Amino acid sequence: MTETRQHQQPLQHAIDAADHAILQAQDAEHQLQVAITQANPRSIQSAQAALTEAKQQVHEAHEQLQAFNNDEYGQQIQQIMEQLTQASQDIEANQEKFHTPKQIR
């Protein structure tokens, strides 16, 4: 029993990282929407930085899960990887939606 738990510990860590990355992406997207609504250039810039960070976290979580994408964990991992892919696509759509000028006065 102990061996099974220890064997699954890295998998659980990867799943937790993926869940955190997905939530971080959703939060960054919401932050950008609020900033755009408020038309606050500093908030928009901050939200875009949060999106960039979230994108990196999503990418890293995807890489971690890739190691467990096999017959033993396949279905569970596949579902999480699909969520990560969706989060990544949402981030890119939000990044494309709004660009701040290089210089904000």
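Check the entry above for the structure.
Structure report, in brief. Just so you know, these numbers come straight off a predicted model, no measurement behind them.

1. A word on the nonpolar core
Reasoning step 1: Judged by nonpolar contacts, the single largest core of 24 residues is most densely connected at V58, L65, I77 and L84.
Reasoning step 2: If you list the elements that add at least two residues to this core, you get α1 (2–38), α2 (41–66) and α3 (74–97).
Reasoning step 3: Looking at which element gives the most residues to this core, the answer is α1, with 10 residues.
Reasoning step 4: Leave out the neighbours within four places in its chain, and L65 touches A14, I15, A18, I77, I80, M81 and L84.

2. Quick look at the packing of α2 against α3
Reasoning step 1: Taken N-terminus to C-terminus, the directions of α2 and α3 make an angle of 160°; their axes are 10 Å apart at the nearest point. As judged from the angle between their axes, α2 and α3 are roughly antiparallel. As α2 runs across α3, the sense of the crossing is left-handed. In this structure, α2 uses L51, T52, A54, K55, V58, A61, H62, L65 and Q66 to contact α3, whose residues at the interface are I77, I80, M81, L84, T85, A87, S88, I91, E92, N94 and Q95.

Scoring rules and cut-offs
Residues numbered from 1 in each chain as written. Predicted model: local features only at pLDDT ≥ 70, side-chain atom pairs only at ≥ 80, totals over all residues. Heavy atoms only, no water. Core = buried A, V, L, I, M, F, W, Y, C linked by side-chain atoms within 4.5 Å. Buried < 20%, exposed > 50% of the residue type's maximum accessible area, 1.4 Å probe, protein only. Helix = DSSP H or I, 4+ residues; strand = E, 2+ residues; numbered from the N terminus. Contact = heavy atoms within 4.5 Å. Axes fitted to C-alpha atoms, helices over the stretch in contact; angles between N-to-C directions. Parallel < 35°, antiparallel > 145°, perpendicular 65-115°, else oblique. Left-handed = near helix turned anticlockwise from the far one by under 90°.

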